[in-house]
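# Coordinate analysis (summary)
Spelled out from the first residue to the last, the chains are:
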Amino acid sequence: MLLNIINEYSSDTQDALRNLWKALLVNVATVEDPKKILSFLNKCAVIGIDEKEKIVWLGIPNDFVYQQVKKFFTKPLTKSVQEIFNPTYKVEIITYTDLQQGNHPLQIDLKQLLKIEEKIVSPLLDESTKTKLTSYFGILFEPAYTFDNFVMWANSELAHSAAMAISKDPGNVYNPFFIYGNVGLGKTHLMQAIWNSIISNNPDKVVLYLPTTRFIDQVIKAIRFNKLGELMQKLDDVDVLMLDDVQFLAGKDKTQEIFHNIFNDFYAKHKQIVVTSDQAPKDLTLLESRLQSRFALGLVADIKMPDHETRVAILQTKLKKKWEQLDKELVDLIAQTVDTNVRELEGALNIVITRKHLRQQELTENDILESLATLGFTNDTEEPTTPSSGSSKPVSNASQNQQFTSLVGRIATYYGLTVDDLKSQKRTQDVSYARQIAMYFAKQQFGRTLERIWQYFGWKNHASVIYSIKTFEERMSEDDAMKKTLKQFADK
Ligand code: ADP
Ligand code: MG
């Protein structure tokens, strides 16, 4: 509705909306960094006011910026609207692609409004300085780690889009940028993607990537040979400093102190710092608290294990890169079975491909499962000896079966279904959901093998059982209410 009438606004209405937008921006600029405002709100515009619902509509040029604006600007913008326009109004944002071109009548010149000068371009560093730095620090880079081959998914979106924003304007958007997450989930990949992107867009920038262990070695060497000054001088030439796996600074007090000084120097000069770690700053308790708090000054973003669909997409990307092909079902099976991290997912794919070449014929599901078993990923088809959790008292098979049947009955009743519904081929949402819960319990609490589970539910294919349970576990890990409901079933 709103989007349809924007083109019919009178010039008075356009003026009023533009003026409101200007006033809001000036107000937001009192609490937010103007450069950050410029990078995210540049093409945005106030595109309408709904007096009935008391909403100021802010148009956003594309979905990428939408996420950023929603996250970082909803609060300050709402506050501004309430301060300078009407205390009962709120801001809603909406993607309006007509703004993409940057020449819409409702847009304004933000640079001029916020008096942001043109970026001071750092003096070009000649190649020999770069070469000297490279040989001094022994910089290691992986040219294959780019944004193009990093598969994005919902739970790493913030880290991914912030990394892209930084690579376009290092030092000015999020500084420092702190990425954390478990091993093998793409932290180093993302960090080096920033490097790759900066050097291709800004060849004059000097980007230094150091694994923390190497940084520690450099510091120790510099102290021993009384060359700390030289180290600091080298860092002076660096525009972007990337330190990978800072958790290794734990317990290294002297190195931490030196890094703290380097950090402050970079920060004061608006030079970008990117740091990765296996934990959030607040959990790095073996680091000086002043470093912990420095790390949290900019943007802290985590990377989680990709969900099933993303794992499939990652496998497809890697297959394409290797010019290999694998049946969709088999790719699915690998993605279902390997759920630890992306590095292991890649390792699994390599083993499967090797087997394919050795065989010189199409692989079956069994081949895949056998290959994965060599990496310790089992398909769980052995008969259970004991339940995987529960009481320490041995429980007879008969009584276990009875307990399981009664649990499935409780789950079905809770969702207004029958046990037969759960055992049927029905795939409606409610039946699938209740069935997933029952399967989850069958595996987790009763230690049932996948084979027994699929037989109990009358299914023909164990891959879908794995998928069902995994999907449920993923959903549950983020749903506290669900955890409570489960506990209630389990406690009976
Ligand atoms: P970390 O530094 O978190 O331990 P890495 O960056 O070394 O993890 O990633 C491990 C491997 O997984 C790398 O080969 C990387 O390319 C790959 N990888 C991780 N996440 C993704 C992703 N989202 N898309 C594509 N490849 C990924
Ligand atoms: Mg790493």
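What this report covers is the structure whose coordinates are included nearby.

Conventions adopted
- Residues numbered from 1 in each chain as written.
- Chains lettered and ligands numbered in written order.
- Predicted model: local features only at pLDDT ≥ 70, side-chain atom pairs only at ≥ 80, totals over all residues.
- Heavy atoms only, no water.
- Helix = DSSP H or I, 4+ residues; strand = E, 2+ residues; numbered from the N terminus.
- Buried < 20%, exposed > 50% of the residue type's maximum accessible area, 1.4 Å probe, protein only.
- Contact = heavy atoms within 4.5 Å.
- Expected span 1.5 Å × (residues − 1).
- Axes fitted to C-alpha atoms, helices over the stretch in contact; angles between N-to-C directions.
- Parallel < 35°, antiparallel > 145°, perpendicular 65-115°, else oblique.
- Left-handed = near helix turned anticlockwise from the far one by under 90°.
- Nonpolar A, V, L, I, M, F, W, Y, C, P; charged D, E, K, R; others polar.
- Phe/Tyr/Trp six-rings, centres within 6.5 Å; stacked < 30°, edge-to-face > 60°.
- Lys NZ or Arg CZ within 6 Å of the ring centre and 35° of its normal.
- Pairing = 2+ DSSP bridges.
- Near = heavy atom within 4 Å.
- Polar contact = N/O pair within 3.5 Å; in protein donor to acceptor, adjacent residues only side chain to side chain.
- Areas by Shrake-Rupley, 256 points an atom, 1.4 Å probe, with all protein chains shown as cover.

Take the overall build of the protein next. A count of helical and extended segments in the protein gives 22 helices and eight strands. Looking at the 492 residues of the protein, the share that counts as buried comes to 47%. Restricting the contact set of the protein to residue pairs at least 6 apart, pairs at least 24 apart contribute 76%.

The next point concerns helix H9 (residues 212-224). Every α-helix carries 3.6 residues per turn, so stepping three or four residues along brings you back to the same face. The terminal C-alpha atoms of H9, which comprises 13 residues, lie 18 Å apart, in line with the 18 Å expected from a rise of 1.5 Å per residue. Backbone geometry just downstream of H9 places Asn 226 in the positive-phi region, at approximately 60 degrees.

To continue, consider the packing of helix H13 (residues 308-321) against helix H14 (residues 328-337). It is the contact of H13 with H14, at a shortest axis distance of 9 Å, that shows an interaxial angle of 125 degrees. When the axes of H13 and H14 are compared, the pair comes out oblique. Crossing of H13 over H14 shows right-handed handedness. On H14, the residues touching His 308, Arg 311, Val 312, Leu 315, Gln 316 and Leu 319 of H13 are Val 331, Asp 332, Ile 334, Ala 335 and Gln 336. Here the residues of the contact of H13 with H14 are counted per class, giving six nonpolar, three polar and two charged.

Our next topic: the environment of Leu 235. Mapped onto the fold, Leu 235 is located in helix H10 (residues 228-236). Its relative accessible area of 4% is what places Leu 235 among the buried residues. The sequence separation of Leu 235 and Phe 266 amounts to 31 residues, and the corresponding C-alpha distance is 9.2 Å. Not counting the four nearest positions on each side in its chain, Leu 235 is found in contact with Phe 137, Leu 208, Leu 241, Ile 262, Phe 266 and Lys 271.

Per the counting criterion, the structure on display carries 16 aromatic pairs. With centroids separated by 6.4 Å and ring planes inclined at 55 degrees, the aromatic side chains of Phe 178 and Tyr 180 adopt a geometry described as tilted. By relative accessible area, which is 1% here, Phe 178 ends up buried. Within the aromatic cluster, the residues linked to one another by ring pairs are Phe 178, Tyr 180, Phe 215, Phe 259, Phe 263, Tyr 267 and Phe 295. In this arrangement the basic side chain of Lys 71 is found over the ring face of Phe 72, its NZ or CZ atom lying 5.8 Å from the centre.

Strand order in the open sheet made by the three strands is E1-E2-E3, with mixed pairing throughout. Each edge of the open sheet is held by one strand with a lone partner, namely strand E1 (45-50) and strand E3 (90-95). Taking each pair of neighbouring strands and ignoring which way they run, the sheet shows an average axis angle of 30 degrees. Here six bridges tie strand E2 (residues 55-60) to E3, and the two strands are oriented parallel to one another. From the neighbouring strand, Val 56 faces E3, where its bridge partner is Val 91. Against the sheet, helix H2 (residues 11-28) touches E1 and E2, its axis set at about 110 degrees to E1.

Looking now at the site of ligand 1. Around ligand 1, the surrounding shell holds 17 residues, and the nearest of these are Gly 184, Lys 187, Thr 188, His 189 and Arg 343. Note that an oxygen atom of ligand 1 is positioned 3.2 Å from one of the backbone N or O atoms of Leu 185. Arg 343 places a side-chain nitrogen or oxygen 2.7 Å from an oxygen atom of ligand 1. Out of a free accessible area of 560 Å², ligand 1 has 94% covered by protein chains. Within the residue set of the shell around ligand 1, elements represented by two or more residues are helix H8 (187-201), H13 and helix H15 (342-359). Residue classes in the shell around ligand 1 are distributed as seven nonpolar, six polar and four charged.

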